[in-house]
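Residues per chain are reported as follows:
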Amino acid sequence: MSAARKPLVATERAALILQLVPYLVGKGEVSLTEAADEFDVTIDQMREMVEKLTVIGLPGEGGYWQLPHDLFDIDWDLLDAKDIVSITNTVGLERAPRLTAREAAALLAGLQLARSLPGVRDSDLVTGLLAKLARGASAAPAQVIVAPGPVDSVRDVVDEALRRAVAVSFAYNAPDAPATTRTVDPVTVHIANGQWYLQGWCHMREAMRTFHLDRVSEPTLTDIPSTHGGDQVPEAFAGLEDEGEVTVRVPERLAPLLSGFLPAEAMEPANGVVTARLHLADPRGIKRLAARFGGAMEVREPGVARSATREWAEAGLALYHQPDTQD
Amino acid sequence: MNLVVALMATQHGLTKDHILRSVSGYREQWESGASKDALEKMFERDKESLRGLGVPIDTIGDPADPDDLREARYRVPTAEYALPEDITFTPAEIALLNLAGSVWSSESMSADARSGLRKIRALGIPVDEPIIGYSPRISLRDPAFPAIKRAIEQSRVAVFPYLRPGEDAPRSRRVRPLALVEYEARWHVFGYDLTIDAERTFLLSRIVGDVEVTRQSFDPSLREGAGEKALAGLDRVAATHTALLEVHPGTEAALRLQRRATPAEQGIRLPYVDVHVLADELASYGPEVRVVEPPEVRDEVIRRLRATLARHEDAS
């Protein structure tokens, strides 16, 4: 799964072998490829681990070398001929180890986020799992808690559309654009930083589009079967039509705040200032982000984006302008 | 690895002497004349790294003199090592756990989650249809997160520079960190601030430098229930702090704010936990929203809009 597979250090390998024995016992026979994939290692690393396993065993008695049945063993013919691993003798470790506190913490926090999904919400399933994970850990995991978000009827309708595999239609209010009515084959609901996005095939645009669920209103289920439900969704930063590029500058210490908007490659740090290029459907839309940074972000180019930002701040300030005060 | 197998197979434990003479890995070196001192050091090191992997190792001393470890015996208590036999998972639970394990965008958290899942999957439980249609993500943009989490796991006091908005320089805080809480899409650490002798919640984004995990430890039982306590505290703040806003109907501000607010006579009332976090958001809406009260929120929004204007003044 991970792109870069590094060489294993001794303790990592030991940790994996503790998990490997119960896995192999449970599987019976498993291909090297499948096992390597499950353990996030290369096929060669998996072969090496399996071979190492066969020199592990119980201590020999009274100074004698270990006897074959005191060692782990595998079906060598099967491994040599077909790259299939099958464990033929075990001398312990058959049961999976307890979760470490860190493993339990990572899963517990994930579960709390999963709890906010409409189909899962407040089910006994989550409560039961939280208790089981805590009990299956070797030490108390650090509490990493995700606060539940608000319950929302739009999410429920979209969830229903996903389950029934039908298109959903709704009014969509993109910022600074007139409202449109969209019919969409739902593919994925993407949840990041507490924001919910529907990604799906837009019948009007005849393309994959991403919709912020806060901007969706009056959702209704259609009886049109979804024909794009299995499609690939575009990468997080792609998929916008008629993209315009905007160049901004922020102090380097604030740059992490931009990570949700663009890939790290698009940022150039120099002398404590980061120059970043963002892609927006309408370059003028940068005014909202710039105002959020309150002067810490400077919109450089294009000129229309820069002047839109100035006008945005000016119009905002005008609301507070009283006749008897002077700025 | 031979050491684990040997220590698990024994009921009564093995003495260090026995281990060094018979367990493969030590035995070969023993036979080729390695010094006992070097082998004992190697054994101590191996023992520690196994404990680091979560393998419990018991030391059974001489009952007559528990401090005398020369004749101590060592073993791995199987019951504490293995996932308890009575913990089983249903196919639906495994499907949900698979989803829960996929949420981390940070490499180390996601490796921990996958490793935990592997142990559970090794129990050989069939899996339900995967839960499709959702890709929840928890992103960790705050550089302080890993160090704070480590300090919690090890129950150690952490020291970090904390910059409160409006102050010119960060101040060093000395804290017993008890729980990490994501609230309104921001990570907070809840803990006991030793400088002011009180419980406090800190925004991770305001930790502006390296977190030092000190050697000073605290009682791990202080962590119990800390997450719920932190959450309740934040909820309490949100319940007592509200801003009165006028929003322009049909705008982005109306869409985003109205769902979190309650209608009021003059506009809407929006609960919030942090003046600056709220002011950042409200400033982004420009002329779509006007803050009626409280004054501190209004002033912060005006300050942001003025600074934005000043920065782009030359634009025509």
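Residues numbered from 1 in each chain as written. Chains lettered and ligands numbered in written order. Predicted model: local features only at pLDDT ≥ 70, side-chain atom pairs only at ≥ 80, totals over all residues. Heavy atoms only, no water.

Asks: Looking at this model, I keep getting lost on the packing of helix H5 (residues 101–114) of chain A against helix H6 (residues 124–135) of chain A. Mind explaining?
Replies: Helix packing geometry: the angle between the two helix axes and the distance between the axes. Residue and element names in this part refer to chain A. Running from amino to carboxyl end, H5 crosses H6 at an angle of 170°, the nearest separation of the two axes being 10 Å. As summarised for this structure, H5 and H6 are arranged roughly antiparallel, according to the angle between their axes. Across from Ala104, Leu107, Leu108 and Leu111 in H5, the residues of H6 making contact are Val126, Leu129, Leu130 and Leu133. (Axes fitted to C-alpha atoms, helices over the stretch in contact; angles between N-to-C directions. Helix = DSSP H or I, 4+ residues; strand = E, 2+ residues; numbered from the N terminus. Parallel < 35°, antiparallel > 145°, perpendicular 65-115°, else oblique. Contact = heavy atoms within 4.5 Å.)

Asks: How should the sheet that holds strand E1 (residues 14–15) of chain B be read in this particular structure?
Replies: Two strands in a sheet stick together by hydrogen bonds in their backbones, pointing the same way (parallel) or opposite ways (antiparallel). All names here are of chain B. Spatially, E1-E3-E2 is the arrangement adopted by the three strands of the open sheet, whose pairing is antiparallel. Of all strands in the sheet, those bounded by a partner on one side alone are E1 and strand E2 (58–60). Examined bridge by bridge, E1 and strand E3 (residues 73–75) share two bridges and lie antiparallel to one another. Following the sheet pairing, Leu14 is matched in E3 by Tyr74. (Pairing = 2+ DSSP bridges.)

Asks: Looking at this structure, how should I read the sheet that holds strand E13 (residues 298–301) of chain A?
Replies: All names here are of chain A. Here four strands make up an open sheet; going across it, the order is E11-E12-E10-E13 and the pairing antiparallel. The open sheet has two free edges, formed respectively by strand E11 (267–270) and E13, since each of these has just one partner strand. The average angle at which neighbouring strand axes cross in this sheet is 25°, direction not considered. Summarising the sheet, strand E10 (residues 244–251) and E13 pair through three bridges and their orientation is antiparallel. Paired with Arg249 across the strands is Glu298, a residue of E13.

Asks: Explain the pattern of salt bridges to me, please; I cannot follow it from the model alone.
Replies: Pairing between side chains becomes possible if they bear opposite charge and their charged atoms approach one another. Per the counting criterion, the structure on display carries 41 salt bridges over all chains. Across the pair Arg288 of chain A and Glu288 of chain B runs a salt bridge whose closest N-O atoms are separated by 2.7 Å. With Arg288 of chain A in helix H8 (residues 286–292) and Glu288 of chain B in the loop between helix H11 (275–284) and strand E13 (289–293), this residue pair bridges two chains. For the pair Arg288 of chain A and Glu288 of chain B, a shared accessibility class is recorded, and that class is buried. Asp58 of chain B is the partner of Arg75 of chain B in a salt bridge, and the nearest nitrogen-oxygen pair spans 3.6 Å. Of this pair, Arg75 of chain B sits in strand E3 while Asp58 of chain B sits in strand E2, and the two are 17 residues apart along the sequence. Assessed through its relative accessible area of 24%, Arg75 of chain B is described here as partly exposed. Connected via shared salt-bridge partners are Asp214 and Arg215 of chain A together with Glu252, Arg256 and Arg259 of chain B. (Salt bridge = Lys/Arg side-chain N within 4 Å of Asp/Glu carboxyl O. Buried < 20%, exposed > 50% of the residue type's maximum accessible area, 1.4 Å probe, protein only.)

Asks: Help me out: how do you make sense of the interface of chain A and chain B in this one?
Replies: One widely used convention gives an interface's size as the accessible area the parts lose upon coming together. The interface is formed by 110 residues belonging to chain A together with 109 residues belonging to chain B. Of the roughly 9,800 Å² buried between chain A and chain B, counting both surfaces, carbon and sulfur atoms make up 60%. When residues of chain A are sorted by the area they lose upon contact with chain B, Arg95, Gln143 and Tyr320 of chain A head the list and together hold 8% of the total. Linking chain A with chain B are eleven salt bridges. One salt bridge in this structure joins Asp40 of chain A and Arg118 of chain B, with 3.9 Å as the shortest N-O distance. Among the residues making up the side of chain A that touches chain B, the classes are represented as 63 nonpolar, 26 polar and 21 charged. Relative to strand E4 (residues 134–137) of chain B, strand E6 (residues 180–192) of chain A is paired through four bridges, and the arrangement is parallel. Paired with Val189 of chain A across the strands is Tyr134 of chain B, a residue of E4 of chain B. (Buried area = accessible area lost by both parts, 1.4 Å probe. Nonpolar A, V, L, I, M, F, W, Y, C, P; charged D, E, K, R; others polar.)

Asks: Got a minute to help me understand the pairing of strand E5 (residues 156–162) of chain B in this structure?
Replies: Here is the key point about a regular strand: its side chains alternate between the two faces of the sheet. Residues and elements named next belong to chain B. Burial analysis of E5 places five of its seven residues in the buried class, which makes it a mostly covered element. Taken together, the three bridges between E5 and strand E9 (residues 212–217) define a ladder with antiparallel strand orientation. Bridging from a neighbouring strand, Arg156 pairs with Ser217 of E9. As paired elements, E5 and strand E6 (residues 171–183) share five bridges and run antiparallel to each other. Looking across to E6, one finds that Val159 is bridged to Arg174.

Asks: Could you clarify how one ought to interpret the nonpolar core in this entry?
Replies: Most often, soluble globular proteins keep nonpolar side chains buried together rather than apart. Counting 72 residues, the largest nonpolar core has Leu198 of chain A together with Trp104, Ile148, Phe160 and Leu180 of chain B as the members making the most contacts within it. Sort the elements by how many residues they give to this core and H5 of chain A lands first, with nine residues. Not counting residues up to four positions away in its chain, the partners in contact with Phe160 of chain B are Ile148, Arg171, Ser172, Arg173, Val175, Phe202, Ile207, Asp210 and Val211 of chain B. (Core = buried A, V, L, I, M, F, W, Y, C linked by side-chain atoms within 4.5 Å.)

Asks: Looking at this structure, how should I read the environment of Asp58 of chain B?
Replies: All names here are of chain B. Here Asp58 falls in the partly exposed class, since its relative accessible area comes to 23%. Between the alpha carbons of Asp58 and Arg75 there is a distance of 5.4 Å; along the sequence they are 17 residues apart. Setting aside its immediate chain neighbours within four residues, Asp58 contacts Arg73, Tyr74, Arg75 and Pro77.

Asks: Sorry if this is basic, but what is going on with the pairing of strand E7 (residues 186–193) of chain B here?
Replies: All names here are of chain B. Counting buried positions along E7 yields six of eight residues, so the element is predominantly enclosed. Two elements, E6 and E7, share eight bridges in a ladder whose sense is antiparallel. Among the inter-strand pairings, Pro177 is bridged to a residue of E7, identified as Gly191. The loop that links E6 with its antiparallel partner E7 comprises two residues; one of these, Glu184, has a positive phi angle of about 50°. In this sheet, strand E8 (residues 198–203) lies alongside E7 in antiparallel orientation, the contact comprising six bridges. Looking at E8, one finds that Phe190 is bridged to Thr201.

Asks: Just checking my understanding: could you explain the packing of aromatic side chains for this structure?
Replies: The description of an aromatic ring pair uses the distance of the two centres, along with the angle that the planes make with each other. Tallied over the entire structure, the rule returns ten aromatic pairs over all chains. On the basis of an interplanar angle of 80° and a centroid distance of 5.2 Å, the ring pair of Tyr23 of chain A and Phe39 of chain A is categorised as edge-to-face. Of the two residues, Tyr23 of chain A is situated in helix H1 (residues 10–27) and Phe39 of chain A in the loop between helix H2 (32–38) and helix H3 (43–53); the sequence distance between them amounts to 16 residues. Judged on exposure class, the residue Tyr23 of chain A and its partner Phe39 of chain A are both buried. Look at Tyr172 of chain A and Phe211 of chain A: their rings are 5.0 Å apart centre to centre, the planes differ by 85°, and that puts the pair in the edge-to-face class. Of the two residues, Tyr172 of chain A sits in strand E5 (residues 166–172) while Phe211 of chain A sits in strand E8 (residues 207–212), which places them 39 residues apart along the sequence. What makes Tyr172 of chain A buried here is its relative accessible area of 6%. We note Lys132 of chain A situated over the ring of Phe89 of chain B; from NZ or CZ to the ring centre the distance is 5.3 Å. Looking at Arg155 of chain A, its charged tip hangs above the ring of Trp196 of chain A, at a distance of 4.0 Å from the centre. (Phe/Tyr/Trp six-rings, centres within 6.5 Å; stacked < 30°, edge-to-face > 60°. Lys NZ or Arg CZ within 6 Å of the ring centre and 35° of its normal.)

Asks: It is not clear to me how empty space enclosed by the protein should be interpreted in this structure. Could you clarify?
Replies: Empty space among the atoms can be located by rolling a probe the size of a water molecule over them. Evaluation of the coordinates by the stated rule reveals two cavities of 30 Å³ or more. When its volume is computed, the largest cavity comes out at roughly 40 Å³. Taken together, Tyr183, Glu184, Arg186, His188, Leu203, Val273 and Val277 of chain B make up the lining of the largest cavity. Residues of the lining of the largest cavity, tallied by class, amount to four nonpolar, one polar and two charged. Taken as a whole, the second largest cavity holds about 30 Å³ of empty space. The wall of the second largest cavity is formed by Pro97 and Arg98 of chain A together with Leu53, Gly54, Val55, Tyr81 and Lys119 of chain B. Class assignment of the residues belonging to the lining of the second largest cavity gives a composition of four nonpolar, one polar and two charged. (1 Å grid on protein atoms, 1.4 Å probe; cavity = no way out; pocket = protein on both sides within 12 Å on 5 of 7 lines; lining within 4 Å. Points joined across faces, edges and corners; volume = space filled by probe spheres on them.)

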